[in-house]
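Okay, here's what each chain looks like letter by letter:
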Amino acid sequence: MKADTLAIHGGFAGDNETGATAVPIWQTVSYAYKTAQELADIFGGKAPGYIYTRIANPTTAALEARLTQLEDGIGCIATSSGMAAIASVVMSLARAGDEIIAATGIFGGTVSLFENTLGRFDVKTTLVDVADTNNFENAINNKTKLIFIETIGNPRMDVPDIPAIAEIAHKANIPLVVDNTVTTPFLIRPVDFGADIVVHSTSKFINGHGTAIGGAIIDTGNYDWRKGAFDDIKKLSERVGQLAFLAYLRNVIYRDLGGCPAPMNSFLMLQGLETLPGRMVKHGENARKLAQFLKAQPKVSWVNYPGFTDSKFSDRVAKLFDGRGGGLLTFGLGDKKRAFRFIDSLKLAKNLANLGDAKTLVIHPASTIFHEFSPDEQKSMGVSDDMIRVSVGIEDFEDIRADFQQAIERTFKETK
Ligand SMILES: *Cc1c(COP(=O)(O)O)cnc(C)c1O
C-alpha cells in the first residue's frame, strides 16, 4: 500500500469481534493470563504477550505498527513525548564517558537534554554547523556513539546533507539518528537517505491538533547491530538479530525510564496520522505563500523559509524533500520590541509553544524556548532577538495573510 493509504489503514485491520473500525483504546494497566506458566513464559521471552502498559499496550502497538510502515522501518517504540524518545535513544547507546555529535540550531529542549542533563551523567556533546558536512567527520573520535540531526533544524531552518552525514557516520560505524518531527514521513523518509534511527515528537504535525504529547523511535534497519560498538545490544543481536536495538530499548531502557504513552494519547496520534498527508500539503502551500507575502513587505527585515529557491539550502531541499519547504518559517521585524508588538497584534494566530497544529501558531523563540541560553549561545543556535517563528496552519490562506498584514501595520503604527 502507498503511504497515504497506510496513514489510514496501517497497523489495524478492524476488530473481528465487534467490527469497530477505529483502533480501540485499551485503557488498561495490565493483562491477565489463565495460568502461572503462561505469564512466566511471557516474562521469560518464550511466548509473545502483553505484560504491563509501561512496556507495551495494544493501542500503542497499532500506532507503532503504522509508524513503522510509514517510515519503512523494522520496528517502532512509541513514547510519552518527543523528549522521552530522544532521551531513551541516547541512554540506550551512550554511557558515561561517551560522546554525541549533534547539529547546531536544533530544538532547544534537545540541546538542554544533551548538554545539561546528559552532561551530568558525563556524556559529552559537540555541536557542529551543518552547512559544512566535513564538520561531522572532524568531530568524530573513538568515544563518539551517535550523530544526531534534525531534517530541518528548528528554529534555524538549516538542512543537513543527510546522505553525506550517513556515509561519514557509517564509515566510523556510528549510528545516525534523525529527528523527523518537522518534516514527517510525508516530506522525507530518512531511511531512504541512510538514517539508522528516526525519532519523532508526535505532539506536532502527527497529532496535528495540539491535543496530546507523544514521541516515537523507529529503527530503519540500516545499522548492523551485530557489528556495532554497543556491547549489550550486540549480545542481544545473537538471539534477535536486527531487532536487538528495539529489544534492548523495550526490555531495558524504555521499561526502566517509564516513558510510555497513555493509550488514549496513542489513539489521538493514530487519528492524527489519518489526515497527516493532506494536512502536510496544505501546511506547505500556506507556508510558501506566507513566506512570499512576508518577503514582499518592506517592513519585514528578513524571512527564512527553506522552500525558497534562493535559500542557502535549496539544493538539499530539492534533493531531500523534493523542493518542499514544510510548514515552518521564521522572520524578523528588526528588533525585539517590534516582534512583541507584532505578536500582541495578531488576532487569528496563537502565541504559544507548539508547532504543527492545524492552527497558525507564532512564538518569540529568544524569550521563550531559548530563554535559558545566553545571547552568545542563542546566536550560535541561530536565534536572534527579532526572530518570530511561525508554524503555518491549514486555515484559508487569505485569513492568515490578512491577520499578518494587520499585525504588521499595527506594529509600525505604534512604534513610531
Ligand atoms: C517539540 C520537539 C521535540 C520535543 O518533543 P516533545 O513532544 O515536546 O517532548 C523534539 N524535537 C523537535 C524537532 C521538536 O520540535
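Structural data are supplied above this passage.
These numbers come from a predicted model, not from an experiment.

The rules we used
- For every chain, the first residue of the written sequence is number 1, and numbering continues from 1 onward in sequence order.
- Predicted model: local features are reported for residues with pLDDT of at least 70 only, side-chain atom pairs are reported and counted for 80 or more only, and whole-chain, interface and lining totals are derived from all residues.
- Each side-chain value is worked out from all heavy atoms of the structure, with water and hydrogens disregarded.
- Two kinds of site are reported from a 1 Å grid over the protein atoms alone, namely cavities, where a 1.4 Å probe fits but cannot get out, and pockets, open sets with protein on both sides within 12 Å along at least five of seven lines, and residues are called lining when an atom falls within 4 Å of a point.
- Grid points are joined across faces, edges and corners, and a volume is the space filled by probe spheres set on the points.
- Secondary structure elements are taken from DSSP: a helix is a run of H or I of four residues or more, a strand is a run of E of two residues or more, and numbering for both begins at the N terminus.
- Ten residue types, Ala, Val, Leu, Ile, Met, Phe, Trp, Tyr, Cys and Pro, are classed as nonpolar, four, Asp, Glu, Lys and Arg, as charged, and the remainder, Gly among them, as polar.
- Domain start and stop positions are those given by an automatic or database domain assignment.
- Only residues whose relative accessible area exceeds 30% and that form no salt bridge are eligible for patches; like-charged ones are grouped when within 9 Å, while nonpolar side chains (Val, Leu, Ile, Met, Phe, Trp, Tyr) are grouped when within 5 Å.
- For the area figures, the Shrake-Rupley method with a 1.4 Å probe applies, and any residue is considered shielded solely by the protein chains shown.
- We define a salt bridge as a contact between a side-chain nitrogen of Lys or Arg and a carboxyl oxygen of Asp or Glu at a distance within 4 Å.

*Asks:* Before we move on, could you go through the layout of surface pockets and cite the residues and values that matter?
*Replies:* Of the pockets and cavities examined, the largest pocket occupies roughly 860 Å³. Considering the residues around the largest pocket, the lining is formed by 31 residues, among which Gly45, Ile55, Ala247, Arg250 and Asn251 are closest to the centre. Looking at the lining of the largest pocket, the elements with two or more residues in it are helix H2 (36-43), helix H3 (58-70), strand E1 (75-79), helix H8 (231-240) and helix H9 (244-257). Looking at the lining of the largest pocket element by element, the count peaks at 7 residues for H9. Looking at the lining of the largest pocket residue by residue, the classes come out as 21 nonpolar, 5 polar and 5 charged. Its volume calculated, the second largest pocket comes out at about 360 Å³. At 3 residues, the largest contribution of residues to the lining of the second largest pocket is made by helix H4 (residues 82-93). Its residues assigned to classes, the lining of the second largest pocket shows 9 nonpolar, 10 polar and 4 charged. In this structure, the lining of the second largest pocket is formed jointly by two domains, domain 1 (3-264) and domain 2 (278-414), each of which donates at least three residues.

*Asks:* Explain a nonpolar patch on the surface to me, using residue names and the numbers behind them.
*Replies:* A cluster of nonpolar side chains, namely Ile74, Val240 and Leu243, defines an oily patch on the protein surface of about 210 Å² accessible area. Summarising the element assignment, Ile74 is placed in the loop between H3 and E1.

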